[in-house]
Amino acid sequence: MRRLPLPLLLAGLCLGLAGGAEPVAPSGAQCLEHDCFGVFWTARSFEEASKVCEAGGGHLMTVRSTVAEDAIALLLQNRNGRLWLGLLLPRECTEPSQRLRGFQWVTGDHRTDYSNWAPSGRRCGERCVTVSRELRWEERLCNETADGFLCEYNYGGSCPHLSSTEGLPVTYVTPFGARGGDFLALPPHSSAVIPAIELELSCNEDDGVLRWGHAAPGAWPCSLANGGCEGRCDEEDGRQRCLCPDSKVLAPNGRGCISPCARASCQHHCVVAGNTFVCMCDTGYQLAPDGSSCEDEDDCAMVPNPCEQKCVNTEGGFECRCFVGYRMVEGYCQLVSSCYKANCEQHCEDVPDGYHCSCYDGYAIDPQDPTRCLLHCNHSQCLAMCDQHRESCECPEGFLLHRDGDSRPVCMDIDECDMNYCHHNCTNHPGGYECHCHAGYRLLDQNQCVSILVEDGEGVYSGDFGPGTQMPVPSRTPPKAKRLHPGVLVGIAVGTLLAALVPLVLGYHLARKCCRSPATMDYKCSSPHEKEMGLQPVTLACAA
């Protein structure tokens, strides 16, 4: 693997001898962007060395590449001695054929791109590894004492070396106790002391970024690291201030530059407009009067309505639905066909709640069965429905078939009112008739009229007489006459004559319409009374 140039590897170096049995700080240290390494020249066993590293927030050093090997070379500075590395044997004996010979790192893994073992055979027992001035790895018993040890500290980021246009001296102190002024990168929670301007800074995270700062807001002297300003540092009359470029504003610490939207309380979106901002909302919402929150907009109230049939407003949008009998197909409501299960005799039409049967011209729906069609004519005369050769023709109910030479047969309406079916009044219709009663009477069936009995405080009386002119209603049947008066005999003779003339009149009427015999017209009557030719009994009064 290619070695990196020395200036890129060395982030800082602080050499010196530690006095006493317990090292207060590493004898030397260097830091890269995410890692720091420290050398401790004090005799310790493997276990004791591990505890010292862990107390500073690290562990014994892992050497996985030539970059780490170069860091060791810089820390040793050609000094003789053997230092503990972070390798230990988790099994009974070593395996010389393997890259790490069966050892594993104190981090619990075997990952490495580099090894530099001193020659040795298979050995057993509790073994750990030291590194010499020649950078060779040697196996040793873990309970033995080495000349020192190497610690490794890992971080998520670092603060840069503080530059000074006036060459102000800076002393750095790391979290694991290393001190010096030549560090090129410092881990989080490091401090920098500048005695000349009585300033102390710390490396901490600010808005997600590691940077130098102090508790008081605002800039420090612009000659040191641009006064800590992210933008431009301006100094006038011994006072320093930070300035930000367009579309940026000063952060709360008075040094950083942030977007105006960083301080905005917009619920959905914030748009920078110069050195200020404007809140905006998602589609389906509108900006509330407070200028920052968003309210749901009733999309269904838009004109035109966004849906074909039914619109249901939802949070931030809307949903289209269909009426009963329709279904949604690719965003449109289509009528659900029900005619496939219908039993219509002629036509079928889909409607929202099912289907509707209809008929050809000349036919109408059967009132008794809405799926069937009957012949229908709404005029006094209509063309008959015949087969191709006009041998078999049909007429609607209430009509008679009429043939006139070679012309097409027609259906002629029967005028039932000429047959005196009705008790009182009669209105003829194409294919039928309707009976009406005088005032004070009501229809009992299709033809007969009966008196309406009215009850008030003075008694019961017939509907066609008032209380003062009421005809007496007998409480019992009048006694039978013992002998006939001569006037009765005259009445009987007249009634007999009328009974003989009625069939003759009816026969003449039918012959005039050129239709079937009177017997064929009786099918239009629905009760026996309708076949009695409208004759009513006549009561003759007897002279006293």
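Everything in this summary refers to the structure shown in the same document. Fair warning: this is a prediction, and the values are worked out from it, not measured in the lab.

1. What to know about the state of the cysteines
Okay, step 1: Under the definition given, this model contains 23 disulfides.
Okay, step 2: Paired by a disulfide, cysteine 53 and cysteine 151 hold their sulfur atoms 1.8 Å apart. Disulfide cysteine 53 to cysteine 151: torsion about the S-S bond roughly -80°, handedness left-handed. Of this pair, cysteine 53 sits in helix H2 (residues 46–55) while cysteine 151 sits in strand E8 (residues 148–154), and the two are 98 residues apart along the sequence.
Okay, step 3: According to the relative accessible area criterion, cysteine 151 is buried, its value standing at 0%.

2. Details of the packing of aromatic side chains
Okay, step 1: For the structure shown, the criterion picks out 9 aromatic pairs.
Okay, step 2: Ring plane angle 90° and centroid distance 5.5 Å describe the contact between phenylalanine 46 and tryptophan 84, whose orientation is recorded as edge-to-face. Placement of phenylalanine 46 in helix H2 and of tryptophan 84 in strand E4 (residues 83–88) is noted, with a sequence separation of 38 residues between them.
Okay, step 3: Its end group placed over the ring of tryptophan 41, arginine 79 keeps NZ or CZ at 4.2 Å from the ring centre.

3. What to know about the pairing of strand E21 (residues 276–280)
Okay, step 1: Bridge count between strand E20 (residues 269–273) and E21: 5 bridges; the pairing is antiparallel. Opposite valine 272, over in E21, you have phenylalanine 277 as the bridge partner.
Okay, step 2: Linking E20 to E21, which pair antiparallel, is a turn of 2 residues; within it glycine 274 sits at a positive phi near 70°.

4. Regarding the nonpolar core
Okay, step 1: Ranked by size, the top nonpolar core spans 33 residues in total, and within it Trp84, Phe149, Leu162, Tyr172 and Trp212 carry the most contacts.
Okay, step 2: Elements represented by at least two residues in this core include exactly strand E1 (28–31), strand E2 (35–40), H2, E8, strand E13 (191–194) and strand E14 (199–206).
Okay, step 3: Looking at this core, the element that brings in the most residues is H2, giving 4 residues.
Okay, step 4: Counting residues domain by domain, this core receives three or more from each of domain 1 (28–154) and domain 2 (179–258).
Okay, step 5: Non-local contacts of leucine 162, meaning those with residues more than four positions away in its chain, are made with Val170, Tyr172, Ala192, Leu201, Trp212, Leu224 and Ala225.
Okay, step 6: Counting 24 residues, the second-largest nonpolar core is a separate cluster that includes Val39, Val63, Leu75 and Val131.

5. Some words on the layout of surface pockets
Okay, step 1: Reported here for the largest pocket is a volume of approximately 460 Å³.
Okay, step 2: What lines the largest pocket is a set of 18 residues, among which Pro396, Glu397, Pro430, Gly431 and Gly432 lie closest to the centre.
Okay, step 3: Elements represented by at least two residues in the lining of the largest pocket include exactly strand E30 (363–366), strand E31 (369–375) and strand E38 (432–436).
Okay, step 4: Looking at the lining of the largest pocket residue by residue, the classes come out as 11 nonpolar, 4 polar and 3 charged.

6. What about the sheet that holds strand E35 (residues 399–402)?
Okay, step 1: Strands sit in the order E32-E36-E35 across an open sheet of 3 strands; the sheet is antiparallel. Looking at strand neighbours, the two that pair on one side only are strand E32 (381–383) and E35, the edges of this open sheet. Shown here is a sheet whose adjacent strand axes are inclined to one another by a mean of 30°, direction ignored.
Okay, step 2: Here E32 runs beside strand E36 (residues 410–413); their pairing, made up of 3 bridges, is antiparallel. Each bridged residue has a counterpart across the sheet, and for leucine 383 the counterpart in E36 is valine 410.

Definitions and cut-offs
Residues numbered from 1 in each chain as written. Predicted model: local features only at pLDDT ≥ 70, side-chain atom pairs only at ≥ 80, totals over all residues. Heavy atoms only, no water. Disulfide = S-S within 2.5 Å. Helix = DSSP H or I, 4+ residues; strand = E, 2+ residues; numbered from the N terminus. Buried < 20%, exposed > 50% of the residue type's maximum accessible area, 1.4 Å probe, protein only. Phe/Tyr/Trp six-rings, centres within 6.5 Å; stacked < 30°, edge-to-face > 60°. Lys NZ or Arg CZ within 6 Å of the ring centre and 35° of its normal. Pairing = 2+ DSSP bridges. Core = buried A, V, L, I, M, F, W, Y, C linked by side-chain atoms within 4.5 Å. Domains from an automatic or database assignment. Contact = heavy atoms within 4.5 Å. 1 Å grid on protein atoms, 1.4 Å probe; cavity = no way out; pocket = protein on both sides within 12 Å on 5 of 7 lines; lining within 4 Å. Points joined across faces, edges and corners; volume = space filled by probe spheres on them. Nonpolar A, V, L, I, M, F, W, Y, C, P; charged D, E, K, R; others polar. Axes fitted to C-alpha atoms, helices over the stretch in contact; angles between N-to-C directions.

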